[in-house]
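As a plain string of letters, each chain reads:
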Amino acid sequence: MPNNPVLAVHGGAWALPDDMVEAHIRGVRNAISAGWGVLGRGGTALDAVEAAVVIMEDDDTFDAGRGSFLNRDGKVQLDALIMDGATLRAGGVGCVERLRNPVRTARKILTESPHVYFVGEGAERFAAEHGMELCRNEDLVVPREIEHLRRHQADAAPPGSELFSAELNHDTVGAVALDRHGNIAAATSTGGTLNKAPGRLGDSSLIGCGCYADNQTAAVSTTGWGEPIMKLVLAKWTADRVAAGNLPEWAAKEAMNYLEQRLKGQGGIIVLNAQGQFGIAHNTPRMAWALKTMTKEDSGAKVENR
Ligand code: ASP
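Because the structure is a prediction, the values reported are computed rather than measured.

(A) Geometry of the sheet that holds strand β2 (residues 78-84). Reading across the sheet, the eight strands line up as β4-β3-β2-β6-β5-β1-β11-β12 and stay open at both edges, with mixed pairing between neighbours. One side of each edge strand has no neighbouring strand; the edge strands of this open sheet are β4 (117-119) and β12 (297-300). Pairwise comparison of adjacent strand axes, ignoring direction, gives a mean angle of 10° for this sheet. Strand direction decides the pairing type here: β2 and strand β6 (residues 184-190), joined by six bridges, are antiparallel. Within β6, the position partnered with Asp79 by the bridge is Thr190. Packed onto the sheet, helix α1 (residues 18-40) meets β1 (6-14), β5 (173-178), β11 (286-292) and β12 and runs at close to 155° relative to β1. Helix α4 (residues 120-129) contacts β3 (90-96) and β4 of the sheet and is inclined by roughly 110° relative to β4.

Structure (structure tokens):
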């Protein structure tokens, strides 16, 4: 019997100001439409998460693709990962500067490379060799972020304080999906943190940290302060809790408790298992999210039950 598809997406966890809520909700809903279009046609979870993330990478609202935060040198540097729960195949890119849609290159790596992960120029060369057009870094930079960086650097914040503040925009994007064939997949894409050091890689594109998918456990995408999330290998930690028999809803909340209690980390998470059970949680003031099943469609900037 075919499974009923499920799709959940997030557009980053942080202290989203009131005047930006609408753009974020619109963005995550557009991502749901794109991904659901794929699932509705009987397409794969992998295609659905890619389609959903591409929409958010193309939307300047989010810290992914064009419109991302700038690093200390004023450049956009992007990370992304996509993972297939059926086969455990994965593709990741890190610190790329000339790709409009890093998740597309990540998908190409998953499909066509014996390797899992490419960084920097090597990743861009892989993309070009596989027919993907390279852009200029300036094409990914928007005036809002030039100003954002300028203000941040002018504030002369004490060293280290810029690493993560829920007051700053953190709009990493991610998606998890279940398709009619019973397979799950996950993808995460980010421009990382504001004013990051060049070459800094966050959790988002690392397997088991910002993203994970295994049909036998769960599909997970995280967002938030990357360094603590990495240290806790949080996406895999959460999937393991689901494998141990816990509901994704419980595992999502527990992951946020663990992040907070163990390392005072802040962030958000979406979790989905191959039975279509899901969880959404965050310990930041807000997180843009949207969800669609055969019977309901929902979105918000806050999960009220925390
Ligand atoms: N986790 C991302 C990073 O640290 C940022 C975010 O999710 O907002 O690169």
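(B) Inspection of empty space enclosed by the protein at higher detail. Summed over all chains, the structure comprises one cavity of 30 Å³ or more. Thr172, Thr190, Gly192, Ser204 and Gly224 are, among the 14 residues lining the largest cavity, the residues nearest its centre. Broken down by element, the lining of the largest cavity gets its largest block of residues, three residues, from strand β8 (residues 219-224). For the lining of the largest cavity, a count of residues per class yields no nonpolar, 11 polar and three charged.

(C) Structural context of the side chain of Asp59. Turning to its location among the elements, Asp59 is positioned in the loop between α2 (45-58) and β2. Although buried, Asp59 forms no salt bridge, and the nearest oppositely charged side chain, Arg26, lies 6.4 Å from it. At 2.6 Å, the side chain of Asp59 forms a polar contact with the side chain of Thr61. The residues contacting Asp59, other than those within four sequence positions of it, are Gly27 and Arg66.

(D) Representation of the site of the ligand. Neighbouring the ligand are the residues His170, Thr172, Gly192, Thr193, Arg200, Gly202, Asp203, Ser204, Thr223, Gly224 and Gly226. Thr172 places a side-chain nitrogen or oxygen 2.8 Å from an oxygen atom of the ligand. Between a nitrogen atom of the ligand and a side-chain N or O atom of Asp203, the distance comes to 2.6 Å. When the ligand sits alone it has 270 Å² of accessible area, and the protein chains cover 100% of it. Under a 2 Å grid-point criterion requiring more than half of the atoms, the pocket assigned to the ligand is the largest cavity. Class assignment of the residues belonging to the shell around the ligand gives a composition of no nonpolar, nine polar and two charged.

(E) How the structure looks around α1. Helix length check: α1 (23 residues) gives 33 Å between terminal C-alpha atoms against 33 Å at 1.5 Å per residue, within 8%. Those residues of α1 not exposed but buried are Met20, Val21, His24, Ile25, Gly27, Val28, Ala31, Ile32, Gly35, Trp36, Val38 and Leu39. Buried positions along α1 lie against β1, α2, β5, β11 and β12. Positive phi appears at Gly42, one or two residues downstream of α1, with a value of about 85°.

(F) Broad picture of the sheet that holds strand β7 (residues 211-213). Spatially, β7-β8-β9-β10 is the arrangement adopted by the four strands of the open sheet, whose pairing is antiparallel. Of all strands in the sheet, those bounded by a partner on one side alone are β7 and β10 (278-282). Here the strands of the sheet are splayed against their neighbours by 5° on average, with no regard to which way each runs. The pairing of strand β9 (residues 267-272) with β10 spans five bridges and is classified as antiparallel. Residue pairing in the sheet places Ile270 in a bridge with Ile280 of β10.

What counts, and at which threshold
Residues numbered from 1 in each chain as written. Predicted model: local features only at pLDDT ≥ 70, side-chain atom pairs only at ≥ 80, totals over all residues. Heavy atoms only, no water. Pairing = 2+ DSSP bridges. Helix = DSSP H or I, 4+ residues; strand = E, 2+ residues; numbered from the N terminus. Axes fitted to C-alpha atoms, helices over the stretch in contact; angles between N-to-C directions. Contact = heavy atoms within 4.5 Å. 1 Å grid on protein atoms, 1.4 Å probe; cavity = no way out; pocket = protein on both sides within 12 Å on 5 of 7 lines; lining within 4 Å. Points joined across faces, edges and corners; volume = space filled by probe spheres on them. Nonpolar A, V, L, I, M, F, W, Y, C, P; charged D, E, K, R; others polar. Buried < 20%, exposed > 50% of the residue type's maximum accessible area, 1.4 Å probe, protein only. Lys, Arg positive; Asp, Glu negative; His and termini not counted. Salt bridge = Lys/Arg side-chain N within 4 Å of Asp/Glu carboxyl O. Polar contact = N/O pair within 3.5 Å; in protein donor to acceptor, adjacent residues only side chain to side chain. Near = heavy atom within 4 Å. Areas by Shrake-Rupley, 256 points an atom, 1.4 Å probe, with all protein chains shown as cover. Sits in = over half its atoms within 2 Å of the grid points. Expected span 1.5 Å × (residues − 1).

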